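Take a look at the letters that make up each chain.
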Amino acid sequence: MKFLVEQNELLGGLQIVQRAISSRSTLPILSGIYLSCEHNILRLRATDLEIGIECTIPVQSEAEGETVLPARYFVEIIKKLPNLPITIEKTDEGIIIIRYGSSEVQLNAFNPEEFPQLPQVEEIHTVTVNADLFINAIKQVSIAASHDISRPIFTGILLEFSDNNILKLVATDTYRLAYREIILPGTLVNNFSCIIPSRALGEIGKIFWSDDNQIEISFADNQVLFKVDSTILVSRLIEGQFPNYNQVIPKDYSSRIRVLTKDLLNSAERASLLARDEFKNRSNVIKLNISGNNLTVTSKSAEVGNLHEELPIYLEGEPAEIAFNARYLIDVLKVIDQEEIHLDLTGSLSPGIIRPAEDKHVLFLVLPIRI
Amino acid sequence: MEVTEALIEMENKLTEMLEEVKELKMKVYSLEKQNQQLRAKLYTKRSQGEGYENLARLYDEGFHICPMHFATTRNQGEDCLFCLGFLKRE
């Protein structure tokens, strides 16, 4: 294997595929990046067996071949090289020589035959979505996904396609729920749904971020493939039945407040500073008291002090009192990009519904804390 | 030779331990199966008559009553959206 490549193009490709490498992997070969050179194309690939990323970059190849290099050293070396053409050559002993100017680095490589292939995705459904729209939806919904691997279904995001061209994204950790709808213009899809690990979707946001890109998504029985130009990400799907989320979304409310998103976010962030130790197991509790055209936010910490803030609101319905975990409230308010929100309540024990005041396609549920 | 003997002894001990792990694995598997069946039985029993009170009590005692995690313990002090949805529907 021997090829000539531009430093910035190689680095760009490496930084994309290395996102699939997990530091927790027990298989040494998975800490490497697979390189295969053929017909002036260099194929880069990395995987942690849950997700796999592959991309191609143009090179001038002199000899075909493949290798696997330890990502930790290879990426760092390429990153620190000047933006010049680099020659990469594999010796008969399998050692890789990286030549730049009159200097060179030699790296020991893994056996490429041991590197796993990306799974073949035999697609059943394919859809195309606008990258900006899809990535923004993932960002909003993923805040509610769980990190508890003992309950795998909740570590994923449900994608539900319906035949009226609406894609629904839902995530929940059973304490909160995030829901977002996207209309897919011109795409004809059948009714189907799947659960994709939120980590895989998070990586989509990082590697495919560009306003005018279209992401092609192909679904198979137990895999999903995302493709933009020459870059693909393959992820396994989470098996199991997502709970019926429609049943937990309250259909009506007894109090609705309209409040400036930024005001409530800033207030909740300040209140959370003083809400660390009210109860041993129930820290970060902030109370909201709604009465007239005022929202009173309070929090207290026996050791530090207490906070009392008043925000102007527009109230429709009855006065109410409720307590939330400040972190859950802050997470939601941070991903709402509209000026005002509606907070709908039905008593101090039912979940609060937060949605942007002018957007019917997004909804967040947050369970209150009993006070 | 001493090292070889020590290694042989170690190998034997590891084999014994592996056997024990296998045995434990099978026991855990059968207990998990049994537990699942008991949960299902309990669920069926609870859904017949007096269901709501029993479910509400079970929830208040700190257990999930949603079908996903039925009878598993809830995190202390944290409600569950799906249990509350289930109770409300009942």
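Residues numbered from 1 in each chain as written. Chains lettered and ligands numbered in written order. Predicted model: local features only at pLDDT ≥ 70, side-chain atom pairs only at ≥ 80, totals over all residues. Heavy atoms only, no water.

K.L.:
Got a sec to walk through the environment of E62 of chain A? Specific residues and values, please.
P.N.:
All names here are of chain A. The topology assignment puts E62 in strand β5 (residues 60-63). Judged by its relative accessible area of 60%, E62 falls in the exposed class. With 27 residues separating them along the chain, E62 and E89 place their C-alpha atoms 9.3 Å apart. Aside from chain neighbours lying at most four places away, what touches E62 is K2 and F3. (Helix = DSSP H or I, 4+ residues; strand = E, 2+ residues; numbered from the N terminus. Buried < 20%, exposed > 50% of the residue type's maximum accessible area, 1.4 Å probe, protein only. Contact = heavy atoms within 4.5 Å.)

K.L.:
Pulling in residues and values, what's your account of unusual backbone geometry?
P.N.:
All names here are of chain A. Despite not being glycine, H39 has its phi angle at roughly 45°, a positive value. Phi is positive for T174, close to 75°, though the residue is something other than glycine. By the element assignment, T174 lies in the loop between β12 (166-172) and β13 (176-183). Exposure remark for T174: the relative accessible area of 1% places this residue in the buried category.

K.L.:
Can you explain the sheet that holds strand β25 (residues 352-356) of chain A? Please cite residues and give values.
P.N.:
Residues and elements named next belong to chain A. The strand order β14-β11-β12-β13-β26-β25-β24-β18-β22 describes an open sheet built from nine strands, whose pairing is antiparallel. Only two strands of the sheet have a single neighbouring strand rather than two, namely β14 (192-197) and β22 (314-317). Averaged over all pairs of adjacent strands, the angle between strand axes in this sheet comes to 20°, irrespective of strand direction. Here seven bridges tie β12 to β13, and the two strands are oriented antiparallel to one another. By the bridge assignment for β13, K168 is matched with E181. Strands in contact with helix α4 (residues 198-207) are β11 (156-162) and β14; relative to β14, the strand with the most contacts, it is inclined by about 80°. Lying over the sheet, helix α5 (residues 261-273) contacts β18 (255-260) and β24 (340-345), oriented at roughly 90° with respect to β18. (Pairing = 2+ DSSP bridges. Axes fitted to C-alpha atoms, helices over the stretch in contact; angles between N-to-C directions.)

K.L.:
Talk me through the sheet that holds strand β19 (residues 285-291) of chain A; I want residue IDs and the actual numbers.
P.N.:
Residue and element names in this part refer to chain A. Taking strand neighbours across the sheet as the criterion, the four strands line up as β21-β20-β19-β23 in an open arrangement whose pairing is antiparallel. Only two strands of the sheet have a single partner each, and these edge strands are β21 (305-312) and β23 (320-325). Adjacent strand axes in the sheet meet at a mean angle of 20°, parallel and antiparallel pairs treated alike. Two elements, strand β20 (residues 294-301) and β21, share eight bridges in a ladder whose sense is antiparallel. By the bridge assignment, L295 is partnered in β21 with L311. On the sheet, α5 packs against β19, β20 and β21 and is oriented at approximately 170° with respect to β21. Together, β19 and β23 form the strand contacts of helix α6 (residues 326-334), whose direction differs from that of β23 by roughly 90°.

K.L.:
Break down the domain arrangement of chain A for me, citing the residues and quoting the values.
P.N.:
Each domain of chain A was delimited in the assignment, giving domain 1 (2-114), domain 2 (125-245) and domain 3 (249-366). The straight-line distance from the C-alpha centre of domain 1 of chain A to that of domain 3 of chain A is 49 Å. (Domains from an automatic or database assignment.)

K.L.:
I'd like a description of helix α2 (residues 71-79) of chain A, backed by residues and values.
P.N.:
Residues and elements named next belong to chain A. What α2 keeps buried is the set A71, F74, V75 and I78. One side of α2 carries all its buried residues, which in axial view fall inside an arc of 90°. Those residues of α2 that are buried are in contact with α1 (7-17), β2 (32-38), β6 (65-70), β7 (85-90), β8 (96-100) and β9 (103-107). (Arc of directions from axis to C-beta.)

K.L.:
Quick one: what's the story with the pairing of strand β26 (residues 362-366) of chain A, residue by residue and with numbers?
P.N.:
Residues and elements named next belong to chain A. Judged by how many residues are buried, β26 sits mostly within the fold: five of five residues are covered. Residue alternation in β26 divides its side chains into two sets, V362, F364 and V366 and L363 and L365, and both sets are buried. Of the strand pairs in this sheet, β13 and β26 are connected by five bridges, and their pairing is antiparallel. Residue pairing across strands places R180 opposite V362, the latter belonging to β26. The sheet contact formed by β25 and β26 spans three bridges and is antiparallel. The residue bridging I354 from the neighbouring strand is F364, located in β26. Hairpin geometry of β25 and β26 is characterised by an intervening segment of five residues between the two adjacent antiparallel strands.

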